[in-house]
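# Structure at a glance
Single-letter residue listing:
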Amino acid sequence: MRALHVITGLGVGGAEQQLRLLLRHLPVRCDVVTLTNPGAVAEGLRADGVRVRDLGMRSNRDLGAVPRLARLIRRGSYDLVHTHLYRACVYGRIAARLAGTTVVSTEHSLGRAEIEGRPLTRGTRELYLRTERLGAATVAVSDTVAGRLRAWGVPAARIHTVPNGIDVTAFRFDEERRRSTRALLGLPDTAFVVGGVGRLVPGKRFDLLIRAVADLPGAWLVLAGDGPESVALHALAARLGVTGRIRFLGECGAPGAAPDIPEVLSAVDTFVSASREESFGLAVVEALAAGLPVVHAACPAIEDLPAGRVPGTTRLGSATADPAAELTAALRHRMDSGARRLPPPSAVDHYDIRLSSRRLMDVYAQAVDTATVTPTERAHP
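Being a predicted model, the structure only gives us computed values, none of them experimental. (Residues numbered from 1 in each chain as written. Predicted model: local features only at pLDDT ≥ 70, side-chain atom pairs only at ≥ 80, totals over all residues. Heavy atoms only, no water.)

## What to know about the overall build of the protein chain
Each helix and strand in the protein chain was counted, giving 16 helices and 15 strands. Scaling as 2.2 N^0.38, a compact globule of 381 residues should have a C-alpha radius of gyration of about 21 Å, and the protein chain matches this with 21 Å. The principal-axis extent of the C-alpha atoms belonging to the protein chain is close to 70 × 40 × 40 Å. In the protein chain, of all internal contacts separated by at least 6 residues, the share reaching a separation of at least 24 is 68%. (Helix = DSSP H or I, 4+ residues; strand = E, 2+ residues; numbered from the N terminus. Rg over C-alpha atoms; globule rule 2.2 N^0.38 Å. Contact = heavy atoms within 4.5 Å.)

## Focus: the confidence of the model for the protein chain
Across the protein chain, the average pLDDT comes to 92, with 96% of residues at 70 or higher. Ignoring residues within four places in sequence, the model shows residues 373–381, a span with pLDDT below 50, making three contacts including any to other chains. (pLDDT = per-residue confidence, 0-100.)

## Points about the sheet that holds strand β11 (residues 219–224)
Taken in spatial order, the six strands line up as β12-β11-β10-β13-β14-β15 in an open sheet, and their pairing is parallel. Looking along the sheet, the strands with just one partner apiece sit at the ends: β12 (246–250) and β15 (313–315). Each strand axis lies, on average, 20 degrees off the axis of its neighbour in the sheet, ignoring direction. Pairing between strand β10 (residues 192–197) and β11: six bridges, direction parallel. Looking at the pairing, G196 lines up with L223 of β11. Packing of helix α11 (residues 282–289) onto the sheet brings it into contact with β10, β13 (270–273), β14 (294–296) and β15, and relative to β13 it is tilted by some 170 degrees. (Pairing = 2+ DSSP bridges. Axes fitted to C-alpha atoms, helices over the stretch in contact; angles between N-to-C directions.)

## Some details on the packing of aromatic side chains
Going through the model one piece at a time under the given rule, you end up with three aromatic pairs. On the numbers, 6.2 Å between centres and 15 degrees between planes, the contact of Y86 with Y128 is stacked. Placement of Y86 in helix α4 (residues 86–99) and of Y128 in helix α5 (residues 122–132) is noted, with a sequence separation of 42 residues between them. When sorted by exposure, Y86 lands in the same class as Y128, which is buried. The interplanar angle of 85 degrees and the centroid separation of 5.3 Å between the aromatic rings of Y128 and W152 together place this pair among those described as edge-to-face. (Phe/Tyr/Trp six-rings, centres within 6.5 Å; stacked < 30°, edge-to-face > 60°. Buried < 20%, exposed > 50% of the residue type's maximum accessible area, 1.4 Å probe, protein only.)

## Regarding the packing of helix α8 (residues 206–214) against helix α13 (residues 323–337)
The axes of two packed helices give the description: the angle between them and the distance between them. Two numbers describe how α8 lies on α13: the axes approach to 9 Å, and their chain directions differ by 55 degrees. In terms of orientation, α8 and α13 fall into the oblique class. Our pair here, α8 against α13, has a crossing hand that is right-handed. Listed contacts from α13 to L208, L209, R211 and A212 of α8 are P323, A324, L327, T328 and L331. Here the residues of the contact of α8 with α13 sort into seven nonpolar, one polar and one charged. (Parallel < 35°, antiparallel > 145°, perpendicular 65-115°, else oblique. Left-handed = near helix turned anticlockwise from the far one by under 90°. Nonpolar A, V, L, I, M, F, W, Y, C, P; charged D, E, K, R; others polar.)

## Description of the pairing of strand β2 (residues 29–34)
A regular strand carries its side chains on alternate faces of the sheet. A large share of β2 lies buried, amounting to five of its six residues. Relative to β2, strand β1 (residues 2–7) is paired through six bridges, and the arrangement is parallel. Directly across from A3, in β2, lies its bridge partner C30. Taken together, β2, helix α2 (residues 40–47) and strand β3 (residues 51–54) form a β-α-β motif whose crossover is right-handed. (Right-handed = clockwise from strand over helix to strand, strands pointing away.)

## Looking at the nonpolar core
Among the nonpolar cores identified, the biggest contains 71 residues, and L4, I73, L149, I166, L265 and F271 are the most heavily contacted of them. Counting residues in hydrophobic clusters, the runner-up holds 30 residues, among them A42, A137, V139 and M361. (Core = buried A, V, L, I, M, F, W, Y, C linked by side-chain atoms within 4.5 Å.)

## Observations concerning the side chain of H82
Relative to the elements of secondary structure, H82 occurs in strand β4 (residues 80–84). In this structure H82 touches L4, H5, V6, V104, S105, T106, L360 and Y364, once residues within four positions along its chain are discounted.

## Focus: the pattern of salt bridges
For the coordinates displayed, the defined rule picks out 17 salt bridges. Residue D31 is joined to R2 by a salt bridge in which the shortest nitrogen-to-oxygen separation is 3.2 Å. Residue D31 is found in strand β2, and its partner R2 is found in strand β1; the two are separated by 29 residues along the sequence. Note on R2: relative accessible area 21%, which makes it partly exposed. (Salt bridge = Lys/Arg side-chain N within 4 Å of Asp/Glu carboxyl O.)

## Describing the side chain of Q18
Tracing the backbone through its elements, the reader meets Q18 in helix α1 (residues 14–23). Dropping the residues within four chain positions of it, Q18 is found in contact with N164, G165, L282 and I353.

## Some details on unusual backbone geometry
Unusually for a residue other than glycine, L85 sits at a positive phi of about 80 degrees. By relative accessible area, L85 is classed as buried at 9%. Backbone geometry at R205 places phi at a positive 55 degrees, although glycine is not the residue there.

## Brief notes about the packing of α4 against α5
Packing of α4 against α5 leaves a shortest axis separation of 9 Å and a crossing angle of 40 degrees. Read as a crossing pair, α4 and α5 show a hand that is left-handed. On the side of α4, the interface is formed by Y86, V90, R93 and I94, while α5 contributes T124, L127, Y128, T131 and E132. For the contact of α4 with α5, the per-class residue count stands at five nonpolar, two polar and two charged.

Structure below.
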């Protein structure tokens, strides 16, 4: 089987990094097309031996991208096209239909009121649903996202849940890595260090982490990520007088970036995900694999599992609590309890990338098999 993955962009982000990791484990020959922004993840894919092409889409309304992509699909004689992220799903489904190729799409970032961090509009939803019908299957990265798709009106039979995955062994805690990373970042050996990972956007609520650390003398904070809120978060840290106890690392998922995410997680004592809304919560799973206690708000990766499967986690979100005060109290409890590593919960194995790749191969097989069945055969099995 030959597959073409079409994605909106290849800057450092959760969906982009997930695609790179997935391609390392899929037993399929894969090429990648990015509609725009062939960034750091494109470099990483090429280093892995994956062919990456930039379609050079000039704007969201560059309709010429559709025939360009359709021609590329035809020339490649692909058995299947797999699209990722909203714009690539819309354009990729149309192009694949024009090329006569089966298409599967993954929904990475559908929230209750947002998609990929932007407000959901009636037009966005309508265009999504109209083009979704052109595909053979839609993959949801969590049961939560699958439920949102059903609520939108996507037929349940077309939805397949394939959770995001991680390379569990890459995050295994190592004491020497902890010491060397703390030395690199200038973190005191005995300090209580809070960690946060993600794109610096309002919905991630990294400002709550800064405010909590400001109220906890002796606590430090490491933030890995970049985005439009970077300047505001630096200014908040300066205004609260805690710049000296915060390390803003910028993007850590790019090839050659130092430290990388496993190193960051080795250096901290508690991980916080204060996101108002998530479609999965990959950074939380990585933190759990590193043996970290986790304080979280929305996180389908935990909430979709049976109760009790993920010990060592604290859920934020009391209807009566001030979010910053609630987080401060949770972190103060962690500090008072003493920093210690935990055995990675068994739930982490549920999100092993190898298992995710096998689940996705089942979706591929079903999609291709269905596409080869004629209308007469469907009517008279």
